Amino acid sequence: MPVTETTKSAIVIGGGIVGVSCALYLQREGYHCTLIDKDKPGLACSAGNAGNLGEASFVPTALPGFIWRIPMMMLDGSSPLQLHYAQFPFQLPWFLRFMATSRLEKVTEIASSLRTLMIPIMDAYEPLLEISGTKHLVQKRGRLQVHGSAKKFKGAGFAMNMRREGGIEVQELSGDEARELEPALGPAIHSAYYMPNAYISTQPSKMVQAFAKALTANGGAVLREEVRRLEPAGDGRGCVITDKGRHSANAVIMAAGAWSTKLVKPLGVRVPMIAERGYNATLPHNGVDLKIPITAADSYVVLSPMEDGLRVCGMAEYASIETPPNWRLVDQMIESVEQVLPGISQQGRFDWQGARPSTPDNKPIIDQLEKHPWAYMAFGHGHVGFGTGAITGRIISQLVTGQTPEIDLTPFRHNRKFY
Ligand SMILES: Cc1cc2nc3c(=O)[nH]c(=O)nc-3n(C[C@H](O)[C@H](O)[C@H](O)COP(=O)(O)OP(=O)(O)OC[C@H]3O[C@@H](n4cnc5c(N)ncnc54)[C@H](O)[C@@H]3O)c2cc1C
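Analysis parameters
- Residues numbered from 1 in each chain as written.
- Predicted model: local features only at pLDDT ≥ 70, side-chain atom pairs only at ≥ 80, totals over all residues.
- Heavy atoms only, no water.
- Core = buried A, V, L, I, M, F, W, Y, C linked by side-chain atoms within 4.5 Å.
- Buried < 20%, exposed > 50% of the residue type's maximum accessible area, 1.4 Å probe, protein only.
- Helix = DSSP H or I, 4+ residues; strand = E, 2+ residues; numbered from the N terminus.
- Polar contact = N/O pair within 3.5 Å; in protein donor to acceptor, adjacent residues only side chain to side chain.
- Pairing = 2+ DSSP bridges.
- Axes fitted to C-alpha atoms, helices over the stretch in contact; angles between N-to-C directions.
- Contact = heavy atoms within 4.5 Å.
- Salt bridge = Lys/Arg side-chain N within 4 Å of Asp/Glu carboxyl O.
- Near = heavy atom within 4 Å.
- Nonpolar A, V, L, I, M, F, W, Y, C, P; charged D, E, K, R; others polar.
- Expected span 1.5 Å × (residues − 1).

Asker: Go over the nonpolar core with me, naming the residues and quoting the values.
Answerer: Counting 63 residues, the largest nonpolar core has Val 12, Tyr 125, Phe 211, Ile 253 and Ile 396 as the members making the most contacts within it. Element by element, the count of residues in this core is highest for helix 1 (residues 17–28), at eight residues.

Put into structure tokens, the structure is as follows:
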């Protein structure tokens, strides 16, 4: 069915957290909004994440000194960073930029711009949770970052100080104090950082699907079609060509996560974004009653208490979206969890893999195309897309309606220097 032609119409491509948030915010501005996804909404990367909606995630992944650890991590088969050597030559330019972002002045710059995007995270989610009836899926549970030795604890001090300077409350706990707070933790935990004000979504996929349902309940449309190409419609509007037909609208928002580079390329935009694949295992009958989400920082694994069980998340596998999953990596993650939560049971375990849309500087692209003013970009959210989905939607609605965006978008432009 073609999209209704009205003076205020928008098409959002991609039914992940970013796309549904853009669509709901535009609908609130009176736009007739159509969400197009090749699949059902909420099944791709926005389904399998750790659900962390924390404001504290503004510290980038490549910190000073990181550059020296990369070669070892690349060669280590059990490292949380996995490469596919045949694909590596194509990814090399991305990696060089990524490594260049670990300079202190760049880290500070990235953290301060991401911080501006993260301050309003919960404020931006509030109306969307309300309209979709999903307030119960977001809970303030705090977050514990646990370490197995004094050395590792100290090593995390730089990032924690950045968080403190950014206004995040961080408490330092001994192993016993951490176990008092979270009795599921095992004796191998030496010390921990506790951030009491962190929020978690206990069922990310359900949340995205409820947002999509709220869109249709309020007059919007959700189409299951695969977008093939975008082009100008000739009247100042944009035209979206799918496997089922053509649709046009005043505004077209590209929010297709890791697939977005294919959409923008024919419009003359090249962005350094690659698929950084992650994995999870959900353990429904895990035998430990975890209350507080955990970052097991020594092994780069995140443990999230979800509605349907304990979710063990992690890995950064640099491989194209189409590469078959390597489920051995999930076994590797689970093995490392035994140290943190001894006696954990894998009964009923189910595994998942998905692709983070990652830019080398950890920052998403939130922008309007000068050459095609009907085209907007909302992708590249990497490790922080679930938290920053709603605020991205609010900013996109400000751009589409001609308002001054609530934050300075210079650091998020598509043509910024990425390193
Ligand atoms: C293991 C793991 C843990 C994570 N933990 C966290 C966390 O705790 N907190 C956090 O903030 N972030 C986390 N993230 C990152 C977060 O999940 C992503 O940044 C976010 O989900 C990206 O959302 P998106 O809407 O951009 O993309 P997606 O959710 O991938 O959605 C993109 C959609 O576009 C559709 N699409 C693609 N191409 C087309 C096309 N041609 N036509 C039509 N539709 C198309 C796809 O079907 C898909 O539904 C994690 C990621 C992983 C992998």
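Asker: Account for the side chain of Ser 304, naming residues and giving values.
Answerer: Among the secondary structure elements, Ser 304 is positioned in strand 16 (residues 301–306). Among the polar contacts made by the side chain of Ser 304, one reaches the main-chain carbonyl oxygen of Ala 50 at a distance of 2.7 Å.

Asker: An account of the sheet that holds strand 2 (residues 32–37) is needed here, citing residue identities and associated values.
Answerer: The six strands are arranged 9-2-1-13-20-19 in an open sheet whose pairing can be described as mixed. Two strands close off the open sheet at either side, each with one partner strand: strand 9 (221–224) and strand 19 (365–368). Averaged over all adjacent pairs, the angle separating strand axes in this sheet is 15 degrees, with direction ignored. Here four bridges tie strand 1 (residues 9–13) to strand 13 (residues 251–254), and the two strands are oriented parallel to one another. In the sheet register, Val 12 faces strand 13, and the bridge partner there is Ile 253. The sheet strands contacting helix 12 (residues 385–400) are strand 13, strand 19 and strand 20 (375–379), and the helix crosses strand 20 at an angle near 170 degrees.

Asker: I'd like a rundown of the pattern of salt bridges, residues and numbers included.
Answerer: The final tally for this structure, using the stated rule, is 22 salt bridges. Three or more residues joined by partner-sharing salt bridges are found here, namely Asp 123, Arg 394 and Glu 406.

Asker: Outline the site of the ligand, supporting the account with residue identities and numerical values.
Answerer: What surrounds the ligand is a group of 32 residues, the closest being Asp 37, Ser 46, Val 227, Gly 382 and Gly 387. In this structure, Asp 37 approaches the ligand through a side-chain N or O atom, which is 2.6 Å from an oxygen atom. Measuring from an oxygen atom of the ligand, one finds a backbone N or O atom of Val 384 at 3.2 Å. Only helix 1, strand 2, strand 14 (274–283), strand 18 (350–358) and helix 12 provide two or more residues apiece to the shell around the ligand. Residues of the shell around the ligand, tallied by class, amount to 13 nonpolar, 14 polar and five charged.

Asker: So what's going on with helix 9 (residues 204–217)? Residues and values would help.
Answerer: With 14 residues, helix 9 should reach 20 Å at 1.5 Å per residue; the first-to-last C-alpha distance of 20 Å fits that figure. Within the span of helix 9, buried status applies to Pro 204, Ser 205, Met 207, Val 208, Ala 210, Phe 211, Ala 212, Ala 214 and Leu 215. Backbone geometry just after helix 9 places Gly 219 at a positive phi near 100 degrees.

Asker: So what's going on with the sheet that holds strand 12 (residues 246–249)? Which residues, and what values?
Answerer: Overall, antiparallel pairing links the three strands, which are arranged 10-11-12 in an open sheet. Looking at strand neighbours, the two that pair on one side only are strand 10 (227–232) and strand 12, the edges of this open sheet. Within this sheet the neighbouring strands show an average axis-to-axis angle of 20 degrees, counted without direction. Here strand 11 (residues 238–242) pairs with strand 12 via four bridges, running antiparallel.

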